[in-house]
Amino acid sequence: MQRVLEFLKRHYEKIILGLALMCLAAAGVLLPKQVEDVKAQISAPPAPAGAHEPPMTPLNVAPLIAAMQRVTNPPPLVLSGDHNLFNPVVWKRKSNGDFLKILKTGADALTVTNIVTLYQRIGLDHPSGGGFYMFVQTQSGKKAVEYVKLNEKSKSGLYIVRAIKGTAEDPSQLQLEILETGEKVWITPKAPFERPDAHVADLRYDPEALNLPKKKVNDTFTLDGEQYKIVAITNGAVTVQQSTTTKQTTIPWSGNSGSESRP
């Protein structure tokens, strides 16, 4: 054994070289056969398309199309709403000590709870001495009685009696000329002239649990230390204006407007 090890120690370079030459010789013998096999594969006619291959599964491009649409039509940037990056939430302590989360303040937090229509009315109270005692009511308020004669302007300045049907002592109808509009209308003792004259609105401000009843145009009120004025009331909305910024906000009313009782 000692001699074998000594022999390998002295001649290991020659042994390695011999093994390398043997591998090279084997490669030289096998190489021509491999070349012939590759030539045969290259020269063979191609197999018909799809003869041995399974059909390709359709590629799902829907996510790619959706991504392209998001890039070309990005959603609008909304800085308002419920997020609090640019809209910090206000918390208020209620009377019982609990905290109330306020998402809206000022005019945006106002709600309309009711709208009532007010009327202007002009009617015959009773005839007297060739003239007529007429009642006038504005904005459904208190009736005022005045004496008028035919073709004379009334004390209130609202109308002129232009014609009579029947007799002056017992008229069945009177024709009134409404001076503001120039229209001529007929009234009877039981059917006065009537038209909408104004509106009053009931408002609610939840952040302060504040009720604002019977507000009219030009009425003012205070919300969180800021003054507001009502600039318009219709059958379906109330418009308020902030005093410091003159910004106007319209609060819609989804209910049916009420009406003052008619006489």
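What this report covers is the structure whose coordinates are included nearby. (Residues numbered from 1 in each chain as written. Predicted model: local features only at pLDDT ≥ 70, side-chain atom pairs only at ≥ 80, totals over all residues. Heavy atoms only, no water.)

## Some details on a nonpolar patch on the surface
- There is a patch of nonpolar side chains on the surface, built from Phe 7, Ile 15, Leu 19 and Met 22 and spanning about 410 Å² of accessible area.
- Relative to the elements of secondary structure, Ile 15 occurs in helix α1 (residues 2-43). (Patch = residues over 30% accessible without salt bridge, like charges linked within 9 Å, V, L, I, M, F, W, Y side chains within 5 Å. Areas by Shrake-Rupley, 256 points an atom, 1.4 Å probe, with all protein chains shown as cover. Salt bridge = Lys/Arg side-chain N within 4 Å of Asp/Glu carboxyl O. Helix = DSSP H or I, 4+ residues; strand = E, 2+ residues; numbered from the N terminus.)

## Brief notes about the sheet that holds strand β8 (residues 184-187)
- With respect to topology, three strands assemble into an open sheet ordered β6-β7-β8, the strand pairing being antiparallel. Each edge of the open sheet carries a strand with a single partner, namely β6 (159-166) and β8. For this sheet, the mean inter-axis angle between neighbouring strands, taken without regard to orientation, is 25°.
- Relative to strand β7 (residues 171-178), β6 runs antiparallel, the two sharing seven bridges. Paired with Ile 160 across the bridge in β7 is Glu 177. (Pairing = 2+ DSSP bridges. Axes fitted to C-alpha atoms, helices over the stretch in contact; angles between N-to-C directions.)

## Some thoughts on the nonpolar core
- Core analysis: the biggest nonpolar cluster contains 18 residues, and Leu 110, Leu 203, Phe 221, Val 238 and Val 240 have the highest contact counts within it.
- Elements with a contribution of two residues or more to this core: β3 (110-128), β9 (193-205), β11 (220-223), β12 (226-233) and β13 (237-242).
- Residues within four places of Leu 203 in sequence aside, it is in contact with Leu 110, Thr 111, Val 112, Thr 113, Leu 210, Asn 211, Leu 212, Phe 221, Ile 230 and Val 238.
- Grouped together as the second largest cluster of nonpolar side chains are 14 residues, Leu 124, Val 161, Val 185 and Phe 193 included. (Core = buried A, V, L, I, M, F, W, Y, C linked by side-chain atoms within 4.5 Å. Buried < 20%, exposed > 50% of the residue type's maximum accessible area, 1.4 Å probe, protein only. Contact = heavy atoms within 4.5 Å.)

Fair warning: the whole summary comes from geometry, so function is off the table for now.
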